[in-house]
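Coordinate analysis (summary)
Listed here are the chains, written in short residue letters.
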Number of protein chains: 2
Amino acid sequence: MDQIDEAKINPEEKDLIDLYNLSELYKVFADFTRVRILSALTGGEMCVYNLAEALEMGQSAVSHQLRVLRASGLVRPRREGKTVYYSLDDEHVNEILEAGLEHVIHKRKGL
Amino acid sequence: MDQIDEAKINPEEKDLIDLYNLSELYKVFADFTRVRILSALTGGEMCVYNLAEALEMGQSAVSHQLRVLRASGLVRPRREGKTVYYSLDDEHVNEILEAGLEHVIHKRKGL
DNA sequence: TCAACATATGAACAGTTGTTCATATGTTCA
DNA sequence: TGAACATATGAACAACTGTTCATATGTTGA
């Protein structure tokens, strides 16, 4: 079974796949609750209950969003007894947040 | 979620308003069509017709999305006769795209 | 002025999304 | 084993979003 030679892929098509995945990635960041969760986790791992408490939201809502973040590989769970601790899965997550925040803060300060 | 109750801000969290604006910003990037438009404009300004042609989409759909990008200050129009040329409005736009792309490409290459 | 062109807009529709409520799963300790 | 706890999941519902179709606005040159 031969392997796919990426060099032979039409360069425009390859770009499209990346751009599609990029828009899918941004969809995960495009929710207030999820951004708050990710931001909270930049300070280190947290369990679901503490996250729900910090965001003043129901446990179910937070758990649903953690599921989305987990499925996207942005967040990683670690079980310890009854408690599940979540942490950022990738150093890129922080960089993406920072790139956006830079723009947002720049705009808030009056362009 | 259209508004924020400032009274509920938790001091331990990052500025909620910034995080809210951040999620709103990501919403604009969270669409395949808009990402393709922004990506196309990284190569320089383009008129609506050429954008529609490049994306193989209807003029109306592209125009609607340009409106969203305009309203978000990510894109700037320049009229020249009948034609309107659009370009990226902010050097940050490119940085945000790059930060996400880095993650996407990293994942595609097998983590 | 009119016709041709480039872009913008409004309405409507289908598809998607995030929350809540109720309940299920999984874990610990008495 | 059973009760209490921590988290996950499914269904349902309202709210939101992107496209299409039709039409409006704005611009140029005859």
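In every chain, residue numbers begin from 1 and rise along the written sequence. Working convention: letters from A go to chains and numbers from 1 go to ligands, in the order in which they are written. It should be noted that, the model being predicted, local features are given only for residues of pLDDT at least 70 and side-chain atom pairs only at 80 or more, the latter also being counted only at that level, while totals for whole chains, interfaces and linings use all residues. To obtain the side-chain values, all non-hydrogen atoms of the structure were used and water was disregarded.

Attention now goes to the protein's contact with DNA strand D. By convention in these notes, a residue is near a molecule or strand provided one of its non-hydrogen atoms lies within 4 Å of it. Within the structure, DNA strand D sits among 25 residues, and Ser60 and Tyr86 of chain A together with Thr33, Arg34 and Ser60 of chain B are positioned closest to it. What you see for DNA strand D is that sugar and phosphate hold 60% of its atoms within 4 Å of the protein. Numbering of helices and strands runs from the N terminus, with a helix taken as a DSSP run of H or I at least four residues long and a strand as a DSSP run of E at least two residues long. Secondary-structure elements contributing two or more residues to the surface near DNA strand D are helix H3 (48–55), helix H4 (59–71) and strand E3 (83–88) of chain A together with helix H2 (32–41) and helix H4 (59–71) of chain B. For the surface near DNA strand D, the element with the most residues is H4 of chain A, which contributes 6 residues.

Residues and elements named next belong to chain A. A pair of strands is treated as paired once DSSP finds two or more bridges between them. Spatially, 3 strands are ordered E1-E3-E2 in an open sheet, and the strand pairing comes out antiparallel. Looking at which strands have only one partner, the edges of the open sheet turn out to be strand E1 (46–47) and strand E2 (75–80). Relative to E3, E1 is paired through 2 bridges, and the arrangement is antiparallel. What sits directly across from Cys47, in E3, is Tyr85.

On to the interface of chain B and chain A, then. Residue contacts follow a heavy-atom distance rule, with two residues in contact if any of their heavy atoms lie within 4.5 Å. Counting residues at the interface gives 41 residues for chain B, matched by 41 residues for chain A. By definition, the buried area sums, over both parts, the 1.4 Å-probe accessible area that each loses when the two are put together. Taken together, the two surfaces of chain B and chain A that pack against each other cover about 3,800 Å², and 65% of this comes from carbon and sulfur. Summed over the three residues of chain B that lose the most area to chain A, namely Tyr26, His103 and Arg108 of chain B, the buried surface amounts to 17% of that side. The salt bridge definition used is simple: a Lys or Arg side-chain nitrogen within 4 Å of an Asp or Glu carboxyl oxygen. At the surface where chain B touches chain A, the tally comes to 2 salt bridges. Residues Asp18 of chain A and Arg108 of chain B are paired through a salt bridge, measuring 2.8 Å at the closest nitrogen-oxygen approach. In the analysis that follows, any N or O atom pair within 3.5 Å is treated as a polar contact, provided that within protein one partner can donate a hydrogen and the other can accept it, and provided that, for residues neighboring in sequence, both atoms belong to side chains. Across the chain B-chain A interface, the total number found is 4 residue pairs in polar contact (both at pLDDT 80 or more). Of all elements in the fold, only helix H1 (16–29), H2 and helix H5 (91–108) of chain B reach the threshold of two or more residues within the side of chain B that touches chain A. The element best represented in the side of chain B that touches chain A is H5 of chain B, accounting for 14 residues.

On to unusual backbone geometry. Phi is positive for Glu56 of chain A, which is not a glycine, with a value near 55 degrees. Among the structural elements, Glu56 of chain A can be located in the loop between H3 and H4.

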